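Observations on the three-dimensional arrangement
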Amino acid sequence: MTVLVTGASGNIGSRVVSTLADTGFAVRAAAREAAALEVPDGVETVSLDIGQPGDATAVLDGVDTIFLYPIRSGSPEALLAAAREAGVRHVVLLSSPGSWDAGEHDRVIGQVHQGIERTLSASGLDHTVLYPSWLASNARRDWANDIRDSGRVRLAFADAHVNPIHIDDVAEVAADLLTRERFRGRMQVLTGPESMRLRDVVSVLGEALDRPIGLDELTREQALAERPPHLPEAVLETLLDVMAAAVDVPALVNNNVERITGHPARPFGQWVSEQRVAFAA
C-alpha cells in the first residue's frame with residue numbers, strides 16, 4: 001500500500017513519514033515545496049498545496065490512505081474530492097481538542113478545525129480524526145528562545161494543567177491508523193501519561209537539562225502585551241482563557257496511545273532529553 005503524508009515538513013508529518021518508512025510501507029511525502037523535504041531513503045516526495053492542489057491525479061496515483069495536515073486558510077475540499085475519485089480508502093486528519101473542548105470549540109481555533117472536519121465528513125471518505133493533547137513540542141516553540149537567552153520562562157497561569165504528549169506517540173498512532181483497520185473510528189483522543197501544571201512542566205525541563213529554569217509569572221494583560229507578532233490577538237486571547245479555566249483543574253488523561261501502539265505514552269521528560277540541543281545556551 002502507498003500512504004500520502006501531507007505536511008511532511010512539519011514536526012508531526014515528518015515523523016509520520018519516518019515511522020511509516022521504518023516499517024516498510026511505501027510513503028509519498030508532500031509539502032508545498034518538495035525540494036525542501038528531508039526524507040528517509042526510498043521515500044518519494046511531491047509538491048502539493050492542500051488548499052490549491054490543482055490537478056492532483058499524479059499525486060494521488062496508487063494512494064490507499066492519506067495523512068491530512070490541517071491548514072489555517074483555504075479548504076481541502078478539492079483535494080478530498082480528487083482523493084475519492086482516485087479510490088483512497090481512508091484519511092487520518094490531525095485536528096485539535098480545541099474543536100470540541102470548552103472555551104475553544106466556539107472560538108477561532110475551534111472553528112478553523114471544525115471547518116476542516118466538516119469538509120472531510122462531507123467528502124464521503126472513510127476517516128478518523130486525531131485529537132492530540134498539549135504537544136510536548138510546544139515547550140520548544142514557545143520557550144526555547146527565552147531559555148537559551150536568559151534561562152527563564154515567562155508565562156501566565158502557571159498553575160494551569162496540561163497533559164504533554166510526545167509527538168512520536170502522535171505519529172505512531174497516525175501510522176497505525178493509516179495502515180491497519182483495527183482502531184479506526186470516527187475519532188481518537190490522545191493524551192500524554194499525566195496531568196501537569198505548567199510550572200511543573202518548567203521544572204521537568206530544568207531537571208532534564210541539568211540546570212535551573214526560572215519562571216516569571218505574567219498577568220493576562222502582560223501576556224497580551226507581549227504577544228508575538230505572528231500570533232493573532234484573538235488566538236492568544238482564546239489560549240489564555242483556556243489556561244485560566246485550567247488552573248488547578250486536572251487535564252484529561254487516557255490510555256489510547258498504549259491501546260493503539262502497544263506501549264505506554266512517553267513522559268514529557270523523555271522528549272526534553274531528546275531535544276536538549278534545542279534549549280542549549
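Since the structure is predicted, the reported quantities are computational estimates derived from the model, not experimental observations. (Residues numbered from 1 in each chain as written. Predicted model: local features only at pLDDT ≥ 70, side-chain atom pairs only at ≥ 80, totals over all residues. Heavy atoms only, no water.)

With that out of the way, let us pick up the nonpolar core. In this structure, Val5, Val16, Phe67, Trp143, Leu205 and Phe268 are the most contacted members of the largest nonpolar core, which totals 59 residues. In terms of residue count, the dominant contributor to this core is helix α6 (residues 167–179) (8 residues). Per-domain counts for this core show at least three residues from each of domain 1 (2–132) and domain 2 (137–163 + 193–251 + 267–279). Excluding residues that lie within four positions of it along the chain, Trp143 makes contacts with Trp134, Asn138, Val153, Leu155, Leu198, Val201, Val202 and Leu205. Membership of the second largest hydrophobic core comes to 24 residues, among which are Val46, Val63, Ala83 and Tyr131. (Core = buried A, V, L, I, M, F, W, Y, C linked by side-chain atoms within 4.5 Å. Buried < 20%, exposed > 50% of the residue type's maximum accessible area, 1.4 Å probe, protein only. Helix = DSSP H or I, 4+ residues; strand = E, 2+ residues; numbered from the N terminus. Domains from an automatic or database assignment. Contact = heavy atoms within 4.5 Å.)

A few words now on the packing of helix α1 (residues 11–22) against α6. Between α1 and α6, whose axes approach to 8 Å, the crossing angle comes to 55 degrees. Here α6 runs oblique to α1, going by the angle between their axes. For the pair α1 and α6, the crossing hand works out as right-handed. Here α1 contributes Asn11, Ile12, Arg15, Val16, Thr19 and Leu20 to the contact with α6, which in turn contributes Ile167, Asp168, Val170, Ala171, Glu172, Ala174, Ala175, Leu178 and Thr179. (Axes fitted to C-alpha atoms, helices over the stretch in contact; angles between N-to-C directions. Parallel < 35°, antiparallel > 145°, perpendicular 65-115°, else oblique. Left-handed = near helix turned anticlockwise from the far one by under 90°.)

By the element assignment, Phe157 lies in the loop between β7 (152–156) and β8 (161–162). Judged by its relative accessible area of 24%, Phe157 falls in the partly exposed class. Separated by 39 residues in sequence, Phe157 and Met196 place their C-alpha atoms 13 Å apart. Beyond its immediate stretch of four places on either side in the chain, Phe157 contacts Leu198, Leu218, Arg220, Leu240, Met243, Ala244 and Val247.

This part is about the pairing of strand β5 (residues 90–94). Burial of β5 is extensive: 5 of the 5 residues sit out of reach of the surface. Because side chains alternate across β5, one face comprises the buried residues His90, Val92 and Leu94, and the other comprises Val91 and Leu93, equally buried. Direction of pairing for strand β4 (residues 63–68) relative to β5: parallel, over a ladder of 4 bridges. Note on β5: the bridge partner recorded for Leu68 is Leu93. With helix α3 (residues 77–86) bridging β4 and the parallel β5, this β-α-β connection has right-handed handedness. (Pairing = 2+ DSSP bridges. Right-handed = clockwise from strand over helix to strand, strands pointing away.)

On to the UniProt feature "domain: NAD(P)-binding" (unreviewed entry) in the protein chain. As annotated by UniProt and renumbered to match this structure, "domain: NAD(P)-binding" (unreviewed entry) occupies residues 7–180. Secondary structure content for residues 7–180 is 39% helix and 20% strand, while the C-alpha to C-alpha distance between its ends is 21 Å. (UniProt positions renumbered as here; feature names shortened; annotations may be inferred.)

If you check the domain split of the protein chain, you get domain 1 (2–132) and domain 2 (137–163 + 193–251 + 267–279). In this structure, domain 1 and domain 2 have C-alpha centres spaced 28 Å apart. Counting residues at the interface gives 7 residues for domain 1 and 10 residues for domain 2. Interface area for domain 1 against domain 2, summed over the two sides, is near 650 Å², with a carbon-plus-sulfur share of 52%. Summed over the three residues of domain 1 that lose the most area to domain 2, namely Arg107, Val108 and Ile109, the buried surface amounts to 56% of that side. Scanning the region where domain 1 abuts domain 2 turns up 1 salt bridge. We note a salt bridge from Arg107 to Asp241, for which the minimum N-O separation is 2.7 Å. Within the residue set of the side of domain 1 that touches domain 2, elements represented by two or more residues are α1 and α4 (108–123). Residue composition of the side of domain 1 that touches domain 2, grouped by class: 2 nonpolar, 2 polar and 3 charged. (Buried area = accessible area lost by both parts, 1.4 Å probe. Salt bridge = Lys/Arg side-chain N within 4 Å of Asp/Glu carboxyl O. Nonpolar A, V, L, I, M, F, W, Y, C, P; charged D, E, K, R; others polar.)

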